[in-house]
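# Descriptive analysis of the structure
Chain by chain, the residues:
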Amino acid sequence: MTIATAFLALLESRPRHGYDLKQAYDQHFGHDRPLHYGQVYTTLAKLLRNGLVTVDGDETSGGPDRKRYTVTEAGVTDVQRWLEEPETPQQYLQSNLYAKVIGALLTGRSAAAVLDAQRDEHLTAMRELTRRKGQGDLADRLICDHALFHLDADLRWLEHTAVHLDELAEQVRG
């Protein structure tokens, strides 16, 4: 998902100012990576230029002028297209972790140590996500679950690979 697509989806519910868009984006999508205001206005300028949003009015309430943006029919169509298109599943057929295991085996280093260090890193991340999940709202719990399920799959791969290290070492070293 791009920032632009998220903005279009947010604007479908109601017109918003740039400041409101940033707040809504950060609440729903940017827990770990909040937007900078420069990104907000650069993205809005691009959406405006591409005919996906319009300026619905300017307001001054004792401060600087605030433009209120509304999504156009073309913007609604963009969101619909994005929602209907399934995401390509990540197959991870050539991951950095796999490359490290092979690199360790090729150089005579301990692939088991690589796997152990990665296991520790994954468990630390899982503890942090579990802590965050316990303090979050439903949306935060669901995104934490998504990450936890992926980390759990990685841990299963780490254990599976550890069982087969000797055989893999023979194949790699030929």
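Residues numbered from 1 in each chain as written. Predicted model: local features only at pLDDT ≥ 70, side-chain atom pairs only at ≥ 80, totals over all residues. Heavy atoms only, no water.

### Describing the pattern of salt bridges
- Tallying each qualifying case throughout the model produces ten salt bridges.
- Among the salt bridges present, the one from aspartate 78 reaches arginine 81, with a minimum N-O distance of 2.9 Å. Of this pair, aspartate 78 and arginine 81 are both found in helix H4 (residues 73-84), three residues apart, which corresponds to roughly one turn of the helix.
- Linking arginine 156 and aspartate 152 is a salt bridge whose minimum nitrogen-to-oxygen distance equals 2.6 Å. Of this pair, arginine 156 and aspartate 152 both sit in helix H7 (residues 138-163), separated by four residues, roughly a single helical turn.
- On the basis of relative accessibility, which here comes to 51%, the residue arginine 156 falls in the exposed class. (Salt bridge = Lys/Arg side-chain N within 4 Å of Asp/Glu carboxyl O. Helix = DSSP H or I, 4+ residues; strand = E, 2+ residues; numbered from the N terminus. Buried < 20%, exposed > 50% of the residue type's maximum accessible area, 1.4 Å probe, protein only.)

### What about the nonpolar core?
- In this structure, Phe7, Leu8 and Leu47 are the most contacted members of the largest nonpolar core, which totals 18 residues.
- Sorting elements by how many residues they give to this core places helix H1 (residues 3-13) first, with six residues.
- The contact partners of leucine 47, leaving out residues within four places of it in the chain, are Ala4, Phe7, Leu8, Leu52 and Val53.
- Judged by nonpolar contacts, the second largest core, of 17 residues, contains Val101, Cys144, Leu155 and Leu158. (Core = buried A, V, L, I, M, F, W, Y, C linked by side-chain atoms within 4.5 Å. Contact = heavy atoms within 4.5 Å.)

### Let's talk about the packing of aromatic side chains
- Tallying each qualifying case throughout the model produces three aromatic pairs.
- Taking 6.2 Å as the distance between ring centres and 10° as the angle between the ring planes, the aromatic pair formed by tyrosine 19 and tyrosine 37 counts as stacked. One end of the pair, tyrosine 19, is in helix H2 (residues 18-28); the other, tyrosine 37, is in helix H3 (residues 37-49), and 18 residues separate them in sequence.
- A residue is classified by how much of its surface remains accessible, and tyrosine 37, at 38% relative accessible area, is partly exposed.
- Judged by centre distance (5.5 Å) and plane angle (50°), the rings of tyrosine 25 and phenylalanine 29 are tilted.
- Given a relative accessible area of 9%, tyrosine 25 falls into the buried group.
- The exposure class of phenylalanine 29 is partly exposed, given its relative accessible area of 38%.
- The ring of tyrosine 37 has lysine 22 sitting right over it, with the charged end atom 5.2 Å from the ring centre. (Phe/Tyr/Trp six-rings, centres within 6.5 Å; stacked < 30°, edge-to-face > 60°. Lys NZ or Arg CZ within 6 Å of the ring centre and 35° of its normal.)

### Overview of helix H8 (residues 165-173)
- Those residues of H8 not exposed but buried are Leu165, Leu168 and Ala169. Here the buried residues of H8 occupy an arc of 105° about the axis, which is enough to place them on one side. Within H8, the exposed residues directed more than 90 degrees away from the buried face are Asp166, Glu170 and Gln171.
- The positive-phi residue at the C-terminal boundary of H8 is glycine 174, with phi of around 55°. (Arc of directions from axis to C-beta.)

Function-wise, these values are silent; they only describe arrangement.
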